[in-house]
Amino acid sequence: MTKDGEGVARDGDAGVPGSLARVLGDVAAERAAQDAKWGMQAVPDGTGAEGAVAEADRARRETDEAGRHGELTWRHILREEVLEAFAESDPELLRTELIQVAAVAVKWAQALDRRTGDAGRPGAEETAAKVGVEPRADAERSGTGAAGEPRPDRFRAIVDVHVMLVRDGTVLLGKRANTGYGDGQWHLPSGHLEPGESVVGAAVREAREEVGVGIRPEDLEFAHVMHRVPDRVGLFFVARKWDGEPYNAEPHKCAELAWRPLGELPDDTIGYPAAAIARVLAEEPFALYGWSTGIA
């Protein structure tokens, strides 16, 4: 996608060529300035204090409420991410949350640039030169091949993660509500991968956000990948131990939770997670869904 012949807008550019590289360059320059002033700082995290989880949950509810009433702001989004980071004491989970905080802050900065029409900020090359970062090759930056021909846009899949909480031969399902997709049907705790997030981090986050449990990354067992028509790739993880008792943490999106036998799912379970669960039981690591050469 081009804009007035100035360049190519890539993933993360929000339609403005160079937007993401410009903001990340500013971040890199600020980091270099901080190191020059204070050096590498070794201080405690100070996270995971008593009441931090409740505060993060409250921020999440406020964000959801603002979204439902059309009053969502960047402050809501960033505050929720920051408080979720403050609630984590496990270093790996904390790192995942901090990456999400950084990604939201970058996106907010891009929104400010678009709003003010700020084209006077240094480009990626200028900022890279200031901090000693090697810019990308011209062909990659301009979106052209070696012969100077325009490079066609590459296909981009949408990745989602699904968590199977398994206990005594049963799996935890939630009945969707008010989402616009599969409402009134049963589904696994699940969601899309967010910018700067690993699939394991996404699975941990979705389990916490939807059913209120804490899962250590090492307690997630990868079980299945499903390629769904036309552009979805779903990763399914099994967890057999977690912290806390599952509860409906998103009642505005979920009508109820229920433990169901793995081999006897409700008839009104959404088709693709039901198919994936069957393949997990059969120890089949991969399946197609909706393709003419795969599952109908």
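To be clear, the structure that these remarks concern was listed above.
Computed from a predicted structure; not experimentally measured.

Engineer: Summarise the overall build of the protein chain; cite the residues concerned and give the values.
Structural biologist: Per the secondary structure count, the protein chain includes eight helices and eight strands. Classification of the 296 residues of the protein chain by burial places 36% in the buried group. The long-range fraction of contacts in the protein chain, counting pairs at least 24 apart against all pairs at least 6 apart in sequence, stands at 65%.

Engineer: Explain the environment of Met164 residue by residue, including any values.
Structural biologist: With respect to the helices and strands, Met164 occurs in strand β1 (residues 158-167). A sequence separation of 23 residues divides Met164 from His187, and the C-alpha atoms of the two residues are 10.0 Å apart. With residues up to four places along the chain from it excluded, the contact list for Met164 reads Val171, Leu188, Phe237, Val238, Ala239, Leu262, Ile277 and Val280.

Engineer: Break down empty space enclosed by the protein for me, with residues and values.
Structural biologist: Within this structure, the stated rule accounts for one cavity of 30 Å³ or more. Considering only enclosed or pocket space, the largest cavity measures out at about 30 Å³ in volume. Lining the largest cavity are Glu88, Leu93, Thr96, Glu97, Gly201, Val204, Arg205 and Arg208. Counting only elements with at least two residues in the lining of the largest cavity, the list comes to α4 (91-116) and α7 (199-211). Looking at the lining of the largest cavity, the element that brings in the most residues is α7, giving four residues. Each residue belonging to the lining of the largest cavity can be placed in one class, and the counts come to two nonpolar, two polar and four charged.

Engineer: Quick one: what's the story with the environment of Leu173, residue by residue and with numbers?
Structural biologist: Among the secondary structure elements, Leu173 is positioned in strand β2 (residues 170-176). Leu173 sits 85 residues away from Ala258 along the chain, and the two C-alpha atoms are 5.5 Å apart. Each residue touching Leu173, except ones within four places of it in the same chain, is listed here: Trp186, His187, Leu188, Glu256, Leu257, Ala258, Arg260, Leu265, Pro266 and Thr269.

Engineer: Outline the packing of aromatic side chains, listing residues and values.
Structural biologist: Inspection of every chain in the model, using the stated rule, returns four aromatic pairs. Consider the rings of Phe222 and Phe237, whose centres lie 5.8 Å apart with planes at 70°: the pair is edge-to-face. In this pair, Phe222 sits in strand β5 (residues 220-228) while Phe237 sits in strand β6 (residues 232-239), placing the two residues 15 residues apart along the sequence. It is Arg228 that lies over the ring of Tyr272; its NZ or CZ is 3.7 Å from the centre. Seen from the ring of Trp186, Arg260 lies directly overhead, with NZ or CZ sitting 5.1 Å from the centre.

About the cut-offs
Residues numbered from 1 in each chain as written. Predicted model: local features only at pLDDT ≥ 70, side-chain atom pairs only at ≥ 80, totals over all residues. Heavy atoms only, no water. Helix = DSSP H or I, 4+ residues; strand = E, 2+ residues; numbered from the N terminus. Buried < 20%, exposed > 50% of the residue type's maximum accessible area, 1.4 Å probe, protein only. Contact = heavy atoms within 4.5 Å. 1 Å grid on protein atoms, 1.4 Å probe; cavity = no way out; pocket = protein on both sides within 12 Å on 5 of 7 lines; lining within 4 Å. Points joined across faces, edges and corners; volume = space filled by probe spheres on them. Nonpolar A, V, L, I, M, F, W, Y, C, P; charged D, E, K, R; others polar. Phe/Tyr/Trp six-rings, centres within 6.5 Å; stacked < 30°, edge-to-face > 60°. Lys NZ or Arg CZ within 6 Å of the ring centre and 35° of its normal.

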